[in-house]
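# Notes for the structure review
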Amino acid sequence: MKYLISTFVLLLSIHASGQYTPATEAKIDSLINLLTLEEKVAMCHAQSKFSTPGVDRLGIPELWMSDGPHGVRPEISWDSWAHAGWTNDFSTAFPALTCLAATFNPELSYKYGFALGQEARYREKDILLGPGVNIYRTPLNGRNFEYMGEDPLLASKLVVPYIKGVQENGVAACVKHYVLNNQEKWRSHINVEISDRALYEIYLPAFKAAVIEGEVWSIMGAYNQYRGQFCSHNERLNNTILKGEWGFDGVVITDWGAAHDTRQSAMYGLDLEMGTGTDGLTTSAENAYDYYYLAKPFLELLRAGEIPEEVVNDKVRRILRTMYRTNMNTSKGFGKMNSNTHSEIAREVATEGIVLLKNESSLLPLDVNTTKTIAVIGENATRSMTIGGGSSELKAKYEISPLVGIQKAFSSATILHSMGYASGPSLYGETIPTVLDADSLYKAAIETAKKADFIVFIGGLNKSYQQDCEGADRLVYGLPYGQDELIKELAGLNKNFSLVLVSGNAIEMPWIDEVPTILQAWYLGSEAGFAIADIITGKVNPSGKLPFTFPVALEDNAAHHFGELSYPGDSINQYYKEDILVGYRWHDTKEIEPLFAFGHGLSYTQFELTKIGADQKKYALNDIIFLSCEVKNSGKVAGATVVQVYVGKEKSKVERAKKELKGFKKIYLEPGESQTIEIPISINNLAFYNETISGWEVEEGAYTIYVGEASDKITREIAISVK
Ligand code: BGC
């Protein structure tokens, strides 16, 4: 009786508790005292594809998860990957994270996160499986579209507000895939060997920012191995770095099926095991989950005293903490689904993220009043891009195709359309060859194009297997489905030609000199067509900047330069031989001219950067450089640019990149308007990771600050020194 009363009182206080506070820790401890060993173990693994069990008798609810990261995924069956077939799980498809990164706009990232979190909350999800911040290392990686580009600072600045936005809804973000999951090929076993310096300087910072600044509540371990241990239960990554150095107090979740060993899972930092197959037992709804590594085998080791009970208590403590922050948080809102505001945010991100790569003779924007006939060529003009791609697939309530967007924007023009090529339908893990005849499609496109004053080619990649899709990398750097030939011929037909590239990756452009205008349009979500039309018509002035480098040839990319052991590895191991020289750091340092540089993106107006200066010439440790600059819109239309500040050190005891992004600011200006902006850069952030002391070190001496509008468009260099 006494036990019952105290449980009752405790439950009341749990439910009256509202948001998680430090005082909640005492309640968590009392709950742990009430749980049996079996109940604790049950909380550490899945009970279905996307949920874990609660403990009914104590009022502990189930924990529900969903992908992530561009919208809330349609419901998946309890015990299989099949769609559950609900009719109320249509969502807003937000642009892919490459697009968000290309906005260089942290405020917009917060809006994105908040809207997405509202949708997740409405759908009763407690953990949203995203965002992803694996660094863009090779243009072949099938999942680059789900990540935030090649620069650790850019990814860090954008991931933090996204997380805060999501979590304000009482939904945990789950930053993934921790870490070094930079390719899909052999992702489930490849062992990555990398220097500590590259790990700390390039691959960890966005995760660290997510934990320390974003205060993310959960993190997903990657499939691959690092130094011979799987990342989901990796002693160094989880215990030493994540929970030790960074003090992470949330829950470490496996990627689906990424656990491989009970003792390691127990001891090396894994808290929650999801998605594991169990020797065929996964097909049974009854017992499969009980045989997970953190299920019966774990219970047995605990019972035998081979693993101390405090180990499971710590996992349960983290899970309960996550629950107090999410499903047991009584002050969370109700969420919202498919609201107009969500559509507006999706469109804002999409238009701000589109990058104008090239615009010869200012061919764009196109005048909606004088353009008479437009030929829209290409399969991506009509193909849905919110489905496919793997776990980030969505069931969008609606998706405006580029063709419809253009038709609506140019309502008084004649819009012709021809596919030009066909990729075939895509199922997860395989592409079904098209039944359409390639020659006829090609000829029809040429005939259609001949009838128009202006040609817009909308092609690129898609989310089919071995394109931009989870589970496999691209096989080649060039465009698929014979697009290169078609583009060349179309460009030869009519110089009034625009190419819209739908992709999450860089591609080879053998026709670059013949094509006058190119837009990089990513996977833009529900509002894709409207956003593309906004840019083509000039209703919105493009302001996106590339979050990764487009190399001319694949071998120009650092990871590929070092051959197969570097990418994709020998199937067992892979060595990140380019070390810290990833992306533009490689191109700049080795003077390899890219096709399009990191940070590049044109506008329909021009900006002038003047009065660029640092507040001092000499700095000491812990100082802050206040970099100021006057930015003027000297053109005729309103627009935005991103002032980018890079820092380099010529003389150093270690190999350095020529320059590294250390700060940026996006600024909107009316025609003729000027504004002075200030970008603070902490001297401590100029440190390199010194492997001999296993710590960060700021070197004394001379540094160069580079200020400009792209990594290859530097307006001014400033010399400073640190003592
Ligand atoms: C992916 C994760 C995803 C999970 C659940 C895995 O295959 O790598 O990113 O969150 O599945 O769908």
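The structure displayed is predicted, hence computed values, not measured ones.

A few words now on the overall build of the protein chain. Along the backbone of the protein chain there are 19 helices and 28 strands. Rg of the C-alpha trace for the protein chain: 26 Å, near the compact-globule value of 27 Å for 723 residues, within the 12% margin. Sequence separation of at least 24 residues holds for 76% of the intrachain contacts in the protein chain that already meet a minimum separation of 6. For the protein chain, the exposed surface amounts to about 26200 Å²; the carbon and sulfur share of it is 52%. Distance between charge centroids for the protein chain: 4 Å, based on 68 positive and 89 negative side chains.

With that out of the way, let us pick up the pairing of strand β21 (residues 624-633). When strand β19 (residues 607-614) meets β21, the two strands line up antiparallel, connected through six bridges. Counted as the bridge partner of Ala 614 is Leu 627 from β21.

As a matter of local geometry, the ligand sits amid 15 residues, with Asp 67, Arg 143, His 177, Asp 255 and Glu 470 nearest to it. At 3.2 Å, a side-chain N or O of Arg 73 approaches an oxygen atom of the ligand. Taking Glu 470, its side chain carries an N or O atom lying 2.7 Å from an oxygen atom of the ligand. Protein chains bury 97% of the 310 Å² of accessible surface belonging to the ligand in isolation.

When cut into domains, the protein chain gives domain 1 (2-15 + 22-325), domain 2 (350-548) and domain 3 (607-722). In this structure, domain 1 and domain 3 have C-alpha centres spaced 35 Å apart. At the junction of the two partners, domain 1 supplies 14 residues and domain 3 supplies 15 residues. A combined buried area of about 1300 Å² lies between domain 1 and domain 3, and 60% of that area is made up of carbon and sulfur atoms. Among the residues of domain 1 in contact with domain 3, Phe 104, Leu 153 and Arg 197 are the three that bury the most area, contributing 46% of the side total. Connecting domain 1 to domain 3 are six residue pairs in polar contact (both at pLDDT 80 or more). Those elements that provide at least two residues to the side of domain 1 that touches domain 3 are α6 (152-167) and α7 (196-203). Of all the elements, α7 adds the most residues to the side of domain 1 that touches domain 3, at four residues. Considering only residue class, the side of domain 1 that touches domain 3 consists of five nonpolar, three polar and six charged.

Where helix α13 (residues 340-353) contacts helix α17 (residues 528-537), the two axes come as close as 9 Å, and the packing angle between them is 45°. Our classification of the angle between α13 and α17 gives oblique. With respect to the hand of their crossing, α13 and α17 are arranged in right-handed fashion. Residues Arg 347, Ala 350 and Thr 351 of α13 form the contact with α17, whose participating residues are Phe 530, Ala 531, Asp 534 and Ile 535.

Attention now goes to the sheet that holds β19. Spatially, three strands are ordered β19-β21-β24 in an open sheet, and the strand pairing comes out antiparallel. Either end of the sheet is taken by a strand with one partner, and the two such strands are β19 and β24 (674-682). Neighbouring strand axes in the sheet, compared pairwise and without regard to direction, differ in orientation by 25° on average.

Next up on the list: the sheet that holds strand β2 (residues 63-67). The strand order across the open sheet formed by six strands is β1-β2-β3-β4-β6-β9, and the pairing between neighbours is mixed. In the strand order of this sheet, the two ends are held by β1 (51-52) and β9 (251-253), each with one partner. Sheet strands touched by helix α8 (residues 205-212): β4 (172-178) and β6 (218-221). Its angle to β4, the strand with the most contacts, is close to 160°.

What follows concerns the packing of aromatic side chains. Under the definition given, this model contains 25 aromatic pairs. Taken together, a centroid distance of 5.2 Å and an interplanar angle of 75° make the contact between Phe 104 and Phe 664 edge-to-face. Residue Phe 104 is found in the loop between α4 (97-102) and α5 (106-122), and its partner Phe 664 is found in strand β23 (residues 660-669); the two are separated by 560 residues along the sequence. For the pair shown, Phe 104 and Phe 664 are each scored as buried. Here a set of aromatic residues connected by ring pairs shows up, and it is made of Phe 104, Tyr 584, Phe 598, Tyr 646 and Phe 664. Here Lys 395 stacks its cationic end above the ring of Phe 90, 4.7 Å away from the centre of that ring.

What follows deals with the environment of Ile 354. For Ile 354, the position within the fold is in the loop between α13 and β10 (355-359). On the accessibility criterion, Ile 354 (0% relative accessible area) is buried. When the C-alpha atoms of Ile 354 and Thr 98 are compared, they prove to be 10.0 Å apart, with 256 residues separating the residues in sequence. Other than its neighbours up to four places away in sequence, Ile 354 contacts Leu 519, Gln 520, Ala 521, Trp 522, Leu 524, Ala 531, Ile 532, Ile 535, Pro 542, Ser 543 and Gly 544.

With that settled, consider the side chain of Ser 566. Looking at where Ser 566 falls in the secondary structure, it is placed in the loop between α18 (558-561) and β18 (573-575). When its relative accessible area of 0% is taken as the criterion, Ser 566 is described as buried. A polar atom in the side chain of Ser 566 sits 2.9 Å from the side chain of Arg 137. Filtering out sequence-adjacent residues up to four positions away, Ser 566 remains in contact with Arg 137, Ala 559, Gln 574, Tyr 575, Lys 577 and Glu 578.

Turning next to the pattern of salt bridges. For the structure shown, the criterion picks out 42 salt bridges. The residue Glu 578 makes a salt bridge to Arg 137 at a minimum N-O spacing of 2.5 Å. Here Arg 137 lies in the loop between β3 (127-129) and α6 and Glu 578 lies in the loop between β18 and α19 (584-590), a separation of 441 residues in the sequence. Across the salt bridge formed by Arg 143 and Glu 470, the nearest N and O atoms sit 3.3 Å from each other. Pair noted here: Arg 143 is in the loop between β3 and α6 and Glu 470 is in the loop between β15 (454-460) and α16 (483-493), with a separation of 327 residues, a long-range link. For Glu 470, a relative accessible area of 6% corresponds to the buried category.

All right, on to the pairing of strand β17 (residues 517-520) then. Each regular strand shows side chains that alternate between the opposite faces of the sheet. Neither face of β17 is left uncovered, since the one carrying Thr 517 and Leu 519 and the one carrying Ile 518 and Gln 520 both have all their residues buried. The pairing of β10 with β17 spans four bridges and is antiparallel. Within the sheet, the bridge partner assigned to Asn 359 lies in β17 and is Thr 517. Two strands pair when backbone bridges link them, and strand β16 (residues 497-502) and β17 are joined in this way by four bridges, in the parallel orientation. By the bridge assignment for β17, Val 500 is matched with Leu 519.

Basis of the calculations
Residues numbered from 1 in each chain as written. Predicted model: local features only at pLDDT ≥ 70, side-chain atom pairs only at ≥ 80, totals over all residues. Heavy atoms only, no water. Helix = DSSP H or I, 4+ residues; strand = E, 2+ residues; numbered from the N terminus. Rg over C-alpha atoms; globule rule 2.2 N^0.38 Å. Contact = heavy atoms within 4.5 Å. Areas by Shrake-Rupley, 256 points an atom, 1.4 Å probe, with all protein chains shown as cover. Lys, Arg positive; Asp, Glu negative; His and termini not counted. Charge placed at Lys NZ, Arg CZ, Asp CG, Glu CD. Pairing = 2+ DSSP bridges. Near = heavy atom within 4 Å. Polar contact = N/O pair within 3.5 Å; in protein donor to acceptor, adjacent residues only side chain to side chain. Domains from an automatic or database assignment. Buried area = accessible area lost by both parts, 1.4 Å probe. Nonpolar A, V, L, I, M, F, W, Y, C, P; charged D, E, K, R; others polar. Axes fitted to C-alpha atoms, helices over the stretch in contact; angles between N-to-C directions. Parallel < 35°, antiparallel > 145°, perpendicular 65-115°, else oblique. Left-handed = near helix turned anticlockwise from the far one by under 90°. Phe/Tyr/Trp six-rings, centres within 6.5 Å; stacked < 30°, edge-to-face > 60°. Buried < 20%, exposed > 50% of the residue type's maximum accessible area, 1.4 Å probe, protein only. Lys NZ or Arg CZ within 6 Å of the ring centre and 35° of its normal. Salt bridge = Lys/Arg side-chain N within 4 Å of Asp/Glu carboxyl O.

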